[in-house]
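Overview (structure and organization)
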Amino acid sequence: MESVVPDVVTDNAKVFLAGALVNGFSNGVINAVLQLYLVALGFNGQQLGAIFMVNALSCSLLSIPGGILADRYGKKRMMLVSLALMMSGMGLLLTSRTLVYFQLAFLFIGAGNACFSMFAPLYSSFFAKDDMEKAFGLYGLLNIMSMSLGSLVGYVPAMLMGRYLLSDVSSYRWVMMGAGILFVAQYVFYLTAMRGYKETLSEGFQFKLKSWRPVIKFSALTLFGNIAGGLLFSLFPFYVNQKYGVDSSGLGLLFFVSNLSMAVSKGAAAAVAKRLGNMRSTAFGLSLSAVFFLLMPLSPNFGLLSFFYVLRMGTRFMSDPIITSAFLRSVSEDEQSTTNSLRMISMNAGGAVSPLIGGSLMDNVSLDSPAYIGTGLTLVLAVLYPVLLRKELDES
């Protein structure tokens, strides 16, 4: 645990981490059932891509305004704005039936997510700079472990259909309703963690960055990486449902195991980086994940695919705490929310493009084509990180 837990964890940090547990659990539930719920309503791959694209697109467009407003007016006010938007989006998500209304729901959710550009700077403020890698490793560990537990709720719709004879649509909706309530409840912990929090507010609305060089490099690599993985994994439940006939119970178990694998890898990130160095551990994790990515579409059954999926998730995200820490160290403290909003744009821009392209490839080329393309792009990414971020990774 010494390699994961920072030397000092304040009460504010503990409350914030409690919110991360609630966030992970609710996301685990939604990941296991949402796409199957949409499939039960009759949506195809391209339509799923069009729905999830709106979430990422609205988040991308509003991340810069969200970051600037957080730096200008304070993170607490933007937290309340995010809460209001999320409540509106979740309400629409649970009552919609048509493509347009689902897109409107994800428009609100994406706008709420745009305010999350302040979360990493807020969380990092609870720790000393020397503990940053451990702090983000701990956050990732707890968040993903709770996400794993939430994934097991994927068994509940099957139970509701079998024991209580509910329809598939009703079963998925009841489960999502519980997840939506928890998703909103996480804000109670974040707002409580901000008691006594002091921050330096920027003056005016000038968009002039002192840290533009690292922002461009980190954002470009983040965009590239999200497209590489998102071609397949943004529609992964749809993919395995169409290829193997897997329902939410099978997905729930797979996500439970894979998220635990990812939690362990994120938790061990600081120890691995200390032994191999930040640059080598990042390149090694990405390269190894590409091998497992390639083996997934070649798997003859869901069991073998699940094995490679778990290994891919465990290796791909091992470097996330290192990269996040290196990024925050590379930018000025008074513009962390703004710069992180730019990085979030690159994350969500990939999320806007990849599901639409991936869904189109699955419907019109082959189910496996996004996996082969994503593998090639991941290998390129493994080369680009040490080439473009040698200085930032070595110094972090």
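Presented here is an overview of the structure given in this document. Everything numeric in this text was worked out from a predicted model, so none of it was measured. (Residues numbered from 1 in each chain as written. Predicted model: local features only at pLDDT ≥ 70, side-chain atom pairs only at ≥ 80, totals over all residues. Heavy atoms only, no water.)

**Overview of the overall build of the chain**
Broken down by element type, the chain carries 18 helices and zero strands. Taking 396 residues into account, the globule formula puts the C-alpha radius of gyration at 21 Å, and the chain, at 20 Å, falls close to it. For the chain, the spread of C-alpha atoms along the principal axes amounts to about 55 × 40 × 40 Å. The buried share of the chain, reckoned over its 396 residues, is 55%. (Helix = DSSP H or I, 4+ residues; strand = E, 2+ residues; numbered from the N terminus. Rg over C-alpha atoms; globule rule 2.2 N^0.38 Å. Buried < 20%, exposed > 50% of the residue type's maximum accessible area, 1.4 Å probe, protein only.)

**Section: the environment of Gly-91**
Looking at where Gly-91 falls in the secondary structure, it is placed in helix 3 (residues 75–95). For the pair Gly-91 and Met-177, spaced 86 residues apart in sequence, the C-alpha separation works out to 8.9 Å.

**Observations concerning unusual backbone geometry**
Of note, Leu-165 is a non-glycine position whose phi angle comes to about 60°, a positive value. Structurally, Leu-165 is set in the loop between helix 7 (155–163) and helix 8 (168–193). Judged by relative accessible area, which is 72%, Leu-165 ranks as exposed.

**Topic: the environment of Val-39**
Looking at where Val-39 falls in the secondary structure, it is placed in helix 1 (residues 11–40). Ignoring any residue separated from it by four or fewer positions in sequence, one finds Val-39 in contact with Leu-48, Phe-238, Asn-241 and Gln-242. (Contact = heavy atoms within 4.5 Å.)

**Some points on helix 15 (residues 320–330)**
Residues that lie three or four places apart on an α-helix share one face, since the helix turns once every 3.6 residues. The buried fraction of helix 15 amounts to eight of the 11 residues, a majority that puts the element mostly inside the structure. Along helix 15, the residues classified as buried are Pro-321, Ile-322, Ile-323, Thr-324, Ser-325, Ala-326, Phe-327 and Leu-328.

**Topic: the packing of aromatic side chains**
Scanning the model with the defined rule gives 21 aromatic pairs in all. Considering the side-chain rings of Tyr-123 and Tyr-139, the 5.3 Å spacing of their centres and the 55° angle between planes classify their relative orientation as tilted. Of the two residues, Tyr-123 sits in helix 5 (residues 119–124) while Tyr-139 sits in helix 6 (residues 132–151), which places them 16 residues apart along the sequence. By relative accessible area, Tyr-123 is classed as buried at 1%. With a centroid separation of 6.2 Å and an interplanar angle of 35°, the aromatic rings of Phe-236 and Tyr-239 are classed as tilted. With Phe-236 and Tyr-239 both in helix 10 (residues 236–244), this residue pair falls three residues apart, about one helical turn. (Phe/Tyr/Trp six-rings, centres within 6.5 Å; stacked < 30°, edge-to-face > 60°.)

**Observations concerning the packing of helix 13 (residues 278–295) against helix 17 (residues 369–388)**
If you want to describe how two helices pack, look at the angle between their axes and the distance between the axes. Where helix 13 contacts helix 17, the two axes come as close as 9 Å, and the packing angle between them is 170°. Relative to helix 17, the element helix 13 is oriented roughly antiparallel. Contacts between helix 13 and helix 17 involve Met-279, Thr-282, Ala-283, Leu-286, Ser-287, Ser-289, Ala-290, Phe-293 and Leu-294 from the first element and Ala-371, Tyr-372, Gly-374, Thr-375, Thr-378, Leu-379, Leu-381, Ala-382, Tyr-385 and Pro-386 from the second. Here the residues of the contact of helix 13 with helix 17 sort into 13 nonpolar, six polar and no charged. (Axes fitted to C-alpha atoms, helices over the stretch in contact; angles between N-to-C directions. Parallel < 35°, antiparallel > 145°, perpendicular 65-115°, else oblique. Nonpolar A, V, L, I, M, F, W, Y, C, P; charged D, E, K, R; others polar.)

**Remarks on the pattern of salt bridges**
What the rule picks out here adds up to one salt bridge. The closest approach of N and O atoms between Asp-368 and Lys-243, which form a salt bridge, is 2.9 Å. Remark: Lys-243 occurs in helix 10 and Asp-368 occurs in the loop between helix 16 (336–364) and helix 17; sequence separation between them is 125 residues. (Salt bridge = Lys/Arg side-chain N within 4 Å of Asp/Glu carboxyl O.)

**Focus on the packing of helix 1 against helix 8**
Where helix 1 contacts helix 8, the two axes come as close as 8 Å, and the packing angle between them is 160°. In terms of orientation, helix 1 and helix 8 fall into the roughly antiparallel class. Helix-helix and strand crossings are classified by hand; for helix 1 and helix 8 the assignment is left-handed. In terms of residue class, the contact of helix 1 with helix 8 is built from 23 nonpolar, seven polar and two charged. (Left-handed = near helix turned anticlockwise from the far one by under 90°.)

**Side note on the side chain of Ser-281**
Considering the arrangement of structural elements, one finds Ser-281 in helix 13. Look past the residues within four positions of Ser-281 in its chain and what remains in contact with it is Val-272, Ala-273, Leu-276, Met-318 and Ile-322.

**Some words on the environment of Thr-378**
Considering the arrangement of structural elements, one finds Thr-378 in helix 17. Given the relative accessible area of 3%, Thr-378 is considered buried. In this structure the C-alpha to C-alpha distance between Thr-378 and Leu-286, which are 92 residues apart in sequence, comes to 6.8 Å. Discounting residues that sit within four places of it in the chain, Thr-378 has contacts with Ala-228, Leu-286, Ser-289, Ala-290 and Phe-293. Within the local environment of Thr-378, its side chain forms a polar contact with the backbone oxygen of Gly-374, the two atoms lying 2.8 Å apart. (Polar contact = N/O pair within 3.5 Å; in protein donor to acceptor, adjacent residues only side chain to side chain.)

**Points about a nonpolar patch on the surface**
Taken together, the side chains of Met-159, Tyr-164, Leu-166, Trp-174, Met-177 and Ile-181 define a hydrophobic patch exposed on the protein surface, amounting to about 620 Å² of accessible area. Broken down by element, the nonpolar patch gets its largest block of residues, three residues, from helix 8. (Patch = residues over 30% accessible without salt bridge, like charges linked within 9 Å, V, L, I, M, F, W, Y side chains within 5 Å. Areas by Shrake-Rupley, 256 points an atom, 1.4 Å probe, with all protein chains shown as cover.)

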